[in-house]
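The lines below spell out each chain.
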Amino acid sequence: MSLTKAAAAEVAGRDVPVHKDAVGTLHAHCFRGLGRPAICDAKFILEWNKTCDPRWRLSVDPGDLDDAADAPRGDGPGDEIKQRMELARHRCVDRELWDGDLPDFAEAWDEFKNSTGTVDFTDLIRMAIDHDIPVPMGADVLMVDEAQDLSRLEHVLIDRWAARSQGCICVGDPYQALYTWRGAHPEALDTDHGEGRRRILERSYRVPSAVLNASLRWIGDMIHERNAELPPEQRAKIVSYLPRRLQDGSDAPGRVGTNHGSWRNPGPVIAAAEAFAAAGESCMILASCSYQLTPTLAELKKRGVPFSNPWRKKRGDWNPLSSAGATMTDRCKALMLGAGDAEEGGGWTWKTFWTWIKAVATDGVIKHGMRAHTERQAKNHPDEPVTWMDVALVLIDPAPLRAMFEAASGHPKAGENLKSSFALPAREDPIFRRDLCAWYTARVSHQYDRAASYAAAVMERTADPKPLVYIGTIHSVKGAEAKHVLLYPDLSEAGASAWASRGDGRASVYRTFYVGMTRASESLTVCRAVSRGFAAPVWEAL
């Protein structure tokens, strides 16, 4: 288990021989153990805002069990006091010691949750402790990843479960503690559990030599300050941390470098990402805050580069090729099957026919009543093949569509008995894919225009898009990895203030970019800062 979804997803993706429900976030385990209580989500926040003190109105941010650790977003007048309350709860501060208007807010918040029969994310942890819920799935051994991000409250729960199991292994890196704003308690990793129970890894299993050396230089002062009182032999292990090892036993060399592109001028950055993807290698484009990714997202779409963030699937802007239901690329791939005989490996069935035609505008394209007919056929006869005669009954003018398929298959005047009017190898022809997608995008409903244009650009590149370019904030990929990382060093105004303040604020910036740097298993590239006054000087560590 872990705090964030990214870390849990990374474990699940390693084909670990455990039940799929055994891998998840701490909040998700508590949610299931408590019988799936109602969460105080967006619709309840709207209700709260109607009745609460105006000073306590909250921004409406749809909650998610797996994203419960995300930093608060929004500018509601009550967001700051609610964050202070959550911090106090996670630090296990006695309520009698809460000051200012915090007690009044907490009382009103509790009354509201009781009246609506809902709980918030922190309640899941508190209730799991108070109700003494059993170890998830009756596990004999607990493995807690990214333990440095757990709060004091969450460690209380972990310790209780650990006492009832045969073993508990907590893994973490205090220099990757990104959630101090919500009470992360990395000091728990320093707890002395007895002789031989606290182990310091001597070697990374991900990071190559060049990237490791750069990342250690970046946080060098923090390492020495944090470990000044450790015994010399333990301090030596940390300072001499070794890189990933290759199969031949040698250290993986890796490489570091810079890119003259920036978040405002992402062209050179995207060119590098395209080169990695063309070689079949994954890469991440990372920033410290999401608005810095907007120009990159726009340019990726313009170029038709497949990209995603599989650790934040609910961010539609980061995952334009995958969302709930059939995606536009699914529709384009279904369109490319053509009419024919599905039993012989090609051609539409009513199910795949409906997949793409569902997005087509009715006026001027589909005959009256035939949209409903197609939907019924897909529901009642999903695997039945669709012929060009069927297509002619549905579309007002099927001739241009049929002509493209017949030209691609080499059958310019094929009859109805043609088993498959589309030779599948033609899908490898980018001109065919371009023309077919152009026909389709010109006919989809307006609501699909933007998605169709991007899907068409992607499908012109490849008939089977598999994103190897990942994009997101550093926080969103915590616990994940890619072969290559392209890192924007820029800070938001708040981040620049934190960096200038030194102390804990500067430490949080160090930790954030340390996480970004150490996602790379092969290479790290630091991009150009738009303004060095609003950037973390990561390039100095290369």
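Since this is a predicted model, take the numbers as computed values, not measurements. (Residues numbered from 1 in each chain as written. Predicted model: local features only at pLDDT ≥ 70, side-chain atom pairs only at ≥ 80, totals over all residues. Heavy atoms only, no water.)

K.L.:
When you look at the overall build of the protein chain in this model, what are you seeing that I'm missing?
P.N.:
For the protein chain, the count of helices and strands is 21 helices and eight strands. When burial is assessed residue by residue, the protein chain has 50% of its 542 residues classed as buried. Partitioning the intrachain contacts of the protein chain with sequence separation of at least 6 by distance along the chain shows that 75% fall at a separation of at least 24. Accessible surface for the protein chain amounts to roughly 26,200 Å². Of this, 51% is attributable to carbon and sulfur atoms. (Helix = DSSP H or I, 4+ residues; strand = E, 2+ residues; numbered from the N terminus. Buried < 20%, exposed > 50% of the residue type's maximum accessible area, 1.4 Å probe, protein only. Contact = heavy atoms within 4.5 Å. Areas by Shrake-Rupley, 256 points an atom, 1.4 Å probe, with all protein chains shown as cover.)

K.L.:
How should I be thinking about the pattern of salt bridges in this particular structure?
P.N.:
Two side chains that carry opposite charge are able to pair once their charged atoms sit near each other. Here the structure, examined in full by the defined rule, presents 29 salt bridges. For the salt bridge of Asp132 with Arg160, the shortest nitrogen-to-oxygen distance reads 3.7 Å. In this pair, Asp132 is assigned in the loop between helix H6 (121-130) and strand S1 (141-144) and Arg160 in helix H7 (residues 152-164), connecting sequence segments 28 residues apart. A residue is classified by how much of its surface remains accessible, and Asp132, at 34% relative accessible area, is partly exposed. Exposure remark for Arg160: the relative accessible area of 31% places this residue in the partly exposed category. One salt bridge in this structure joins Asp149 and Lys478, with 2.7 Å as the shortest N-O distance. Note that Asp149 is positioned in the loop between S1 and H7 and Lys478 in the loop between strand S6 (469-473) and strand S7 (482-487), a separation of 329 residues in sequence. On the basis of relative accessible area, Lys478 is assigned to the buried category, the value being 1%. Through salt bridges with shared partners, a single ionic network connects Lys82, Glu86, Arg89, Arg95, Asp110, Lys113, Asp120 and Asp123. (Salt bridge = Lys/Arg side-chain N within 4 Å of Asp/Glu carboxyl O.)

K.L.:
Is there a simple way to explain the sheet that holds S6 in this structure?
P.N.:
Pairing between the strands of a sheet is mediated by backbone hydrogen bonds and can be parallel or antiparallel. Spatial ordering of the open sheet is given by S3-S8-S7-S4-S6-S5, a layout of six strands whose pairing is parallel. What marks the edges here is a single partner per strand, and that holds for strand S3 (255-259) and strand S5 (307-308). With five bridges joining them, S3 and strand S8 (residues 520-527) adopt parallel strand pairing. Within the sheet, the bridge partner assigned to Arg255 lies in S8 and is Ser523. The sheet contacts of helix H11 (residues 267-278) involve S3, strand S4 (283-287), S6, S7 and S8, and relative to S7 the element is tilted by about 175°. (Pairing = 2+ DSSP bridges. Axes fitted to C-alpha atoms, helices over the stretch in contact; angles between N-to-C directions.)

K.L.:
Which parts of the structure should I look at to understand the environment of Ser453?
P.N.:
With respect to the secondary-structure elements, Ser453 resides in helix H19 (residues 449-461). Residue class for Ser453 comes out partly exposed when judged on its relative accessible area of 45%. Separated by 13 residues in the primary sequence, Ser453 and Tyr440 have C-alpha atoms spaced 9.6 Å apart.

K.L.:
Looking at this model, I keep getting lost on helix H2 (residues 26-33). Mind explaining?
P.N.:
Helical geometry note: an α-helix holds 3.6 residues per turn, so side chains three or four residues apart project in the same direction. The buried count for H2 comes to six of eight residues, which makes it a mostly enclosed element. Within the sequence span of H2, burial applies to Leu26, His27, Ala28, His29, Cys30 and Phe31. Next to the buried residues of H2 lie H6 and H7. Once H2 ends, the next one or two residues include Gly35, with phi positive near 80°.

K.L.:
In this structure, what is going on with the side chain of Arg89? I would like to understand it.
P.N.:
Positionally, Arg89 belongs in helix H4 (residues 79-90). When its relative accessible area of 13% is taken as the criterion, Arg89 is described as buried. Residue contacts for Arg89: discarding those within four places in its chain leaves Trp98, Lys113, Asp120, Thr122, Asp123 and Leu153.

K.L.:
What should I look at first to understand a nonpolar patch on the surface in this one?
P.N.:
A contiguous nonpolar surface patch, about 350 Å² in accessible area, is contributed by Val141, Met143, Ile169 and Val171. Looking at where Ile169 falls in the secondary structure, it is placed in strand S2 (residues 167-170). (Patch = residues over 30% accessible without salt bridge, like charges linked within 9 Å, V, L, I, M, F, W, Y side chains within 5 Å.)

K.L.:
Is there a simple way to think about the side chain of Thr118 in this case?
P.N.:
When you line up the elements, Thr118 lands in the loop between helix H5 (102-116) and H6. A distance of 2.9 Å separates polar atoms of two side chains, one belonging to Thr118 and the other to Thr116. Non-local contacts of Thr118, meaning those with residues more than four positions away in its chain, are made with Ala38, Ile39, Cys40, Phe44 and Lys113. (Polar contact = N/O pair within 3.5 Å; in protein donor to acceptor, adjacent residues only side chain to side chain.)

K.L.:
Any chance you could explain the environment of Gly347 here in plain terms?
P.N.:
With respect to the helices and strands, the residue Gly347 is situated in the loop between helix H13 (328-335) and helix H14 (350-357). On the basis of relative accessible area, Gly347 is assigned to the buried category, the value being 7%. For Gly347 and Met336, which are eleven residues apart along the polypeptide, the C-alpha to C-alpha distance reads 8.5 Å.

K.L.:
Before we go on, may I ask you to explain the pairing of S2 in this structure?
P.N.:
Every other side chain in a regular strand lies on the same face of the sheet, so the side chains alternate between the two faces. Both S1 and S2 contribute to a ladder of four bridges, which runs parallel. Bridge assignment links Leu142 to a residue of S2, and that residue is Cys168. As for the winding sense of the linkage, the β-α-β connection from S1 through H7 to S2 is right-handed. (Right-handed = clockwise from strand over helix to strand, strands pointing away.)

K.L.:
Before we go on, may I ask you to explain the confidence of the model for the protein chain in this structure?
P.N.:
When pLDDT drops low, the exact placement of atoms in the prediction is not to be read closely. Mean pLDDT for the protein chain: 85, with 85% of residues reaching 70 or above. Overall, residues 62-69 carries pLDDT values under 50, and its contacts beyond four positions in sequence, including any with other chains, amount to 24 contacts. Across residues 341-345, confidence stays below pLDDT 50; counting only partners more than four residues off in sequence or on other chains, it has nine contacts. (pLDDT = per-residue confidence, 0-100.)

K.L.:
I tried to follow the nonpolar core on my own but got confused; where do I start?
P.N.:
What tends to happen in soluble globular proteins is that the nonpolar side chains get buried as a cluster. Core analysis: the largest hydrophobic core is formed by 67 residues, its most contacted members being Trp161, Trp218, Met284, Leu487 and Phe513. For this core, the element with the most residues is helix H21 (residues 503-517), which contributes seven residues. Discounting chain neighbours no more than four positions away, the residues touching Trp218 are Trp499, Val509, Tyr510, Phe513, Tyr514, Met517, Ala536, Pro537, Val538 and Ala541. By size, the runner-up hydrophobic cluster in this structure holds 37 residues, among which are Met328, Val360, Val391 and Val444. (Core = buried A, V, L, I, M, F, W, Y, C linked by side-chain atoms within 4.5 Å.)

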